[in-house]
Amino acid sequence: MALPPQTMDLELKKSVTVTVFTMPKCANCPAAKEVVDRVASRSDKIEVKHVDLSTDMVTGLLYQIMSTPSIAIGEEAVFRGEVPSEEQLVAEIVKRAGQ
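Parameters and conventions
Residues numbered from 1 in each chain as written. Predicted model: local features only at pLDDT ≥ 70, side-chain atom pairs only at ≥ 80, totals over all residues. Heavy atoms only, no water. Pairing = 2+ DSSP bridges. Helix = DSSP H or I, 4+ residues; strand = E, 2+ residues; numbered from the N terminus. Expected span 1.5 Å × (residues − 1). Buried < 20%, exposed > 50% of the residue type's maximum accessible area, 1.4 Å probe, protein only. Contact = heavy atoms within 4.5 Å. Arc of directions from axis to C-beta. Right-handed = clockwise from strand over helix to strand, strands pointing away.

K.L.:
For this particular structure, what's the right way to read the pairing of strand β4 (residues 76–80)?
P.N.:
Side chains on a regular strand alternate between the two faces of the sheet. Relative to β4, strand β3 (residues 70–73) is paired through four bridges, and the arrangement is antiparallel. Bridging across to β4, I73 finds its partner in E76. What sits between the antiparallel neighbours β3 and β4 is a turn of two residues, in which G74 has the positive phi angle 65°.

Here it is in structure tokens:
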């Protein structure tokens, strides 16, 4: 079920990249993608990258990703094998990009 779009209400001091690591048969990966995309829609300073580990294992190894879904903010894997709430993801982004 698609959720209603958010407004651009998240003001950050600097730009940040959020990378979502997924696999095709991962049951929780679509939910993780949706949470990241919804949070990213709230700020023009959030860039999202989607990495499918079935075709790009090297990037996963660089972040030491061993389970999906996983989410990295900048160069650090913050959530591994779990789907964070929007509030948890925003809190971690704010820690790294300021508000």
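K.L.:
What exactly am I supposed to notice about helix α1 (residues 29–40) here?
P.N.:
In an α-helix, one turn spans 3.6 residues, which is why side chains three or four residues apart end up on the same side. Spanning twelve residues, α1 covers 16 Å between terminal C-alpha atoms, matching the ideal 16 Å at 1.5 Å per step. Along α1, the residues classified as buried are C29, A32, V35, V36, R38, V39 and A40. Residues of α1 that are buried sit in contact with β1 (16–22), β2 (46–52), β3 and α3 (86–97).

K.L.:
Just checking my understanding: could you explain α3 for this structure?
P.N.:
With twelve residues, α3 should reach 16 Å at 1.5 Å per residue; the first-to-last C-alpha distance of 16 Å fits that figure. Those residues of α3 not exposed but buried are E86, L89, V90, E92, I93 and A97. Taken around the axis of α3, the buried residues stretch over an arc of 165°, which confines them to a single face. Opposite the packed face of α3, turned more than 90 degrees from it, sit the exposed residues E87 and K95. Check the buried side of α3 and you find it contacts β1, α1, β2, β3 and β4. Immediately beyond the C-terminal end of α3, within one or two residues, lies G98, with a positive phi of roughly 70°.

K.L.:
Honestly, the pairing of β1 in this entry has me stumped. Any pointers?
P.N.:
The element β1 is largely enclosed, with a buried count of six among its seven residues. Where β1 and β2 come together, seven bridges link them in parallel fashion. The residue of β2 that forms the bridge with T19 is K49. What joins β1 to β2 is α1, and the crossover it makes is right-handed. For β1 and β3, the ladder comprises four bridges, and the chain directions are antiparallel. Following the sheet pairing, V20 is matched in β3 by I71.

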